[in-house]
Amino acid sequence: MVAPLRRATALDLDAIMVIENASFHADAWSRVAMGRELANPLTFYVVAPLIADDEVPAVPGSLAGYAGLFSLPDGPQADVQTIAVAESARRQGLGRTLIAALIAEARARGVAELFLDVRADNLGAQALYESLGFIAIDTRPGYYHSDNMTAIVMVLALETPAPHRGEPVGGAR
Ligand SMILES: CC(C)(COP(=O)(O)OP(=O)(O)OC[C@H]1O[C@@H](n2cnc3c(N)ncnc32)[C@H](O)[C@@H]1OP(=O)(O)O)[C@@H](O)C(=O)NCCC(=O)NCCS
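Residues numbered from 1 in each chain as written. Predicted model: local features only at pLDDT ≥ 70, side-chain atom pairs only at ≥ 80, totals over all residues. Heavy atoms only, no water.

Draft legend 1. Representation of the layout of surface pockets. Size it by volume and the largest pocket reaches roughly 1300 Å³. Surrounding the largest pocket, 39 residues form its lining, Phe24, Ile83, Asn122, Ala125 and Tyr129 being those nearest its centre. Put simply, the parts of the chain that give the lining of the largest pocket at least two residues each are α1 (13-24), β4 (77-85), α3 (94-108), β5 (113-119), α4 (123-131) and β6 (135-144). Tallied by class, the residues present in the lining of the largest pocket amount to 18 nonpolar, eleven polar and ten charged. (1 Å grid on protein atoms, 1.4 Å probe; cavity = no way out; pocket = protein on both sides within 12 Å on 5 of 7 lines; lining within 4 Å. Points joined across faces, edges and corners; volume = space filled by probe spheres on them. Helix = DSSP H or I, 4+ residues; strand = E, 2+ residues; numbered from the N terminus. Nonpolar A, V, L, I, M, F, W, Y, C, P; charged D, E, K, R; others polar.)

As structure tokens, this is what we get:
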């Protein structure tokens, strides 16, 4: 059974790497790189813990999925760094829930645009992103070095918070 999402900690690194390696194969990040991501104060990583139920015993600390976001302080843009769901937990809405958590964090940071890269042959992930309003805006040929695969750049425009009543909107300086 999948528990509600929570912020990732360094203690999640082993369980994240199990899904990372199984999901991304030759494109997987190293354990060191992922550890840096989790430790970076500018990132926001969430995990979906797996908990045992009557049907499935879960290994303590195991995860059904994770996702991460990065943005510079007060920056107008954020990036979806990564997202993966364990194969056994796919097509049950968890990927959508994870991205929704990143979108909520981007909004809370006041970000206007949320970017991501996705392999051109990853039609499932593209369908997920499109269902959430992301649109393809560019391609990066050969971006994935393992097999020279093109990346599609997608962006989601986020509503910026409405100005307080009575305050000037914009203006010259
Ligand atoms: C992409 C990924 C995160 C999706 O996770 P998920 O939990 O299966 O996604 P969801 O169940 O929330 O899917 C939501 C919607 O996205 C679309 N979608 C997701 N996976 C799909 C697939 N394989 N084929 C077609 N559409 C898919 C569907 O519209 C789906 O809605 P539906 O199930 O009601 O039809 C997961 O397949 C994964 O981890 N893949 C390996 C890692 C990866 O590719 N990450 C993305 C890198 S850019």
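There is more to say after this.
Draft legend 2. Structural view of the pairing of strand β2 (residues 43-49). Burial of β2 is extensive: seven of the seven residues sit out of reach of the surface. Burial along β2 is two-sided: Thr43, Tyr45, Val47 and Pro49 and Phe44, Val46 and Ala48, pointing in opposite directions, are all buried. As paired elements, β2 and strand β3 (residues 63-71) share seven bridges and run antiparallel to each other. Bridge pairing in β3 places Tyr45 opposite Gly68. (Buried < 20%, exposed > 50% of the residue type's maximum accessible area, 1.4 Å probe, protein only. Pairing = 2+ DSSP bridges.)

Draft legend 3. Focus on the packing of α3 against α4. The geometry of α3 relative to α4 is characterised by a closest axis approach of 10 Å and an angle of 55 degrees between their N-to-C directions. Between α3 and α4, the angle is such that the two are oblique. In the crossing of α3 with α4, the sense of the turn from one axis to the other is right-handed. Residues Gly95, Arg96 and Ile99 of α3 form the contact with α4, whose own contacting residues are Leu128, Tyr129 and Ser131. Residues belonging to the contact of α3 with α4 are distributed by class as follows: three nonpolar, two polar and one charged. (Axes fitted to C-alpha atoms, helices over the stretch in contact; angles between N-to-C directions. Parallel < 35°, antiparallel > 145°, perpendicular 65-115°, else oblique. Left-handed = near helix turned anticlockwise from the far one by under 90°. Contact = heavy atoms within 4.5 Å.)

Draft legend 4. Quick peek at α1. Taking 1.5 Å of rise per residue, twelve residues should cover 16 Å, and α1 covers 16 Å from first to last C-alpha, within 8% of that figure. The complete set of buried residues in α1 reads Leu13, Ala15, Ile16, Met17, Ile19, Glu20 and Ser23. Those residues of α1 that are buried are in contact with α2 (31-39), β2, β3 and β4. In the stretch just after α1, His25 is the one whose phi turns positive, near 50 degrees. (Expected span 1.5 Å × (residues − 1).)

Draft legend 5. Summary view of the nonpolar core. Leu114, Tyr129 and Phe134 are the most contacted members of the largest nonpolar core, which totals 29 residues. The element that contributes the greatest number of residues to this core is α3, accounting for seven residues. The contacts of Phe134, once residues within four sequence positions are left out, are Ile99, Ile103, Leu114, Leu116, Tyr129, Met154, Val155 and Leu156. Core analysis: the next-biggest nonpolar cluster, separate from the first, contains 14 residues, Leu13, Ile16, Tyr45 and Val47 among them. (Core = buried A, V, L, I, M, F, W, Y, C linked by side-chain atoms within 4.5 Å.)

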